[in-house]
Amino acid sequence: ATSFFEITTALCFQYFRDSAVDVAVLEVGLGGRLDATNVCTPILSVITSISRDHIKLLGETTESIAKEKAGIIKPHVPVVIGPRVPYDVIARFASGPLIQVKGDFQDFEEENRAIARCALHILGIDNEEALTAVPPCRFERHFIDNKEVVLDVAHNEDGVAKLFERIRSQYKG
């Protein structure tokens, strides 16, 4: 049976074709190897982080999850990985250039910007303005009835840990 994600992914590809987009950024939904977006051959693959997510399907260990995420890698296509992605595991699957972003970042947004900056550089795109955009529901702050509400889509151990680090640093006490 076809899943909701597979149908919406097909609709997405159709929309991109009908709109004649030059470049589309696709985020995999489940791992990589098993993901519906894996039917295309990208000009660049990016793996931002590895954390315990979908462990029933991807495996219990960082290594097993990294192997599944590496399923997005296609022959001779460059790959950019974040600082917390196990290089040695990904290197087994990459036949094109493999670049790991290094650094000790304050928060996940800073880390993601560094990864995006590297990816844009590899693609020959110089667009610093694109790196200042804040995705919706990533530490998105609203004031409701004079109370601050923070929306964030953190949904795995690593994301929640990073969210709490940021909350503790911004809201002392």
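As the structure is a prediction and not an experimental result, all values here were calculated from the model.

Asker: Explain unusual backbone geometry here, please?
Answerer: When glycine is set aside, most residues are seen to have a negative phi, and most peptide bonds are trans. With a phi close to 65 degrees, H76 is a non-glycine residue in the positive phi region. Here H76 is to be found in the loop between α3 (62-69) and β2 (79-81). With a phi close to 65 degrees, N146 is a non-glycine residue in the positive phi region. Inspection of the secondary structure puts N146 in the loop between β4 (140-144) and β5 (147-151). By relative accessible area, N146 is classed as exposed at 81%.

Asker: Looking at this structure, how should I read the side chain of D152?
Answerer: Relative to the helices and strands, D152 resides in the loop between β5 and α6 (157-170). There is a polar contact of 2.8 Å between the side chain of D152 and the backbone nitrogen of F139. A polar contact of 2.8 Å, which involves the side chain of D152, links it to the backbone nitrogen of A154. Residues contacting D152, with those up to four places away along its chain left out, are F108, C137, R138, F139 and L163.

Asker: Help me understand the pattern of salt bridges, please; the structure alone is not making it clear to me.
Answerer: Should the charged atoms of two oppositely charged side chains come close, the side chains can pair. Scanning the model with the defined rule gives 7 salt bridges in all. With its nearest N and O atoms 2.9 Å apart, the salt bridge here joins E68 to R33. Remark: R33 occurs in the loop between α1 (4-19) and β1 (45-47) and E68 occurs in helix α3; sequence separation between them is 35 residues. D152 serves as the salt-bridge partner of R138, at 4.0 Å between the closest nitrogen and oxygen. Placement of the pair is R138 in the loop between α5 (108-122) and β4 and D152 in the loop between β5 and α6, with a sequence separation of 14 residues. One continuous salt-bridge network, built from bridges that share partners, spans E63, K67 and R92.

Asker: I tried to follow the state of the cysteines on my own but got confused; where do I start?
Answerer: Each disulfide is one covalent bond, formed between the sulfur atoms of two cysteines. Here the structure, examined in full by the defined rule, presents 0 disulfides. The thiol of C118 is unpaired, and the distance to the nearest cysteine sulfur, on C40, comes to 20 Å. You can see C137 has no disulfide; the closest cysteine sulfur is in C12, sitting 19 Å from it.

Asker: So what exactly am I meant to see when it comes to α5 here?
Answerer: One turn of an α-helix holds 3.6 residues; hence residues three or four places apart share an orientation. Taking 1.5 Å per residue, 15 residues should reach 21 Å; α5 reaches 21 Å between its end C-alpha atoms and fits that length. For α5, the set of buried residues is F108, E109, E111, A114, I115, C118, A119 and L120. Contact partners of the buried residues in α5: β1, β2, β3 (98-100) and α6. The positive-phi residue at the C-terminal boundary of α5 is G124, with phi of around 75 degrees.

Asker: I'm lost on the packing of aromatic side chains in this one. Help?
Answerer: The geometry of an aromatic ring pair is captured by two quantities: the separation of the ring centres and the angle between the planes. Applying the stated rule across the entire model yields 2 aromatic pairs. Consider the rings of Y15 and F16, whose centres lie 6.3 Å apart with planes at 55 degrees: the pair is tilted. Assessed through its relative accessible area of 54%, Y15 is described here as exposed. Geometry around F139 places R166 over its ring, the cationic atom sitting 4.1 Å from the centre.

Here is what the cut-offs are and how they apply
- Residues numbered from 1 in each chain as written.
- Predicted model: local features only at pLDDT ≥ 70, side-chain atom pairs only at ≥ 80, totals over all residues.
- Heavy atoms only, no water.
- Helix = DSSP H or I, 4+ residues; strand = E, 2+ residues; numbered from the N terminus.
- Buried < 20%, exposed > 50% of the residue type's maximum accessible area, 1.4 Å probe, protein only.
- Polar contact = N/O pair within 3.5 Å; in protein donor to acceptor, adjacent residues only side chain to side chain.
- Contact = heavy atoms within 4.5 Å.
- Salt bridge = Lys/Arg side-chain N within 4 Å of Asp/Glu carboxyl O.
- Disulfide = S-S within 2.5 Å.
- Expected span 1.5 Å × (residues − 1).
- Phe/Tyr/Trp six-rings, centres within 6.5 Å; stacked < 30°, edge-to-face > 60°.
- Lys NZ or Arg CZ within 6 Å of the ring centre and 35° of its normal.

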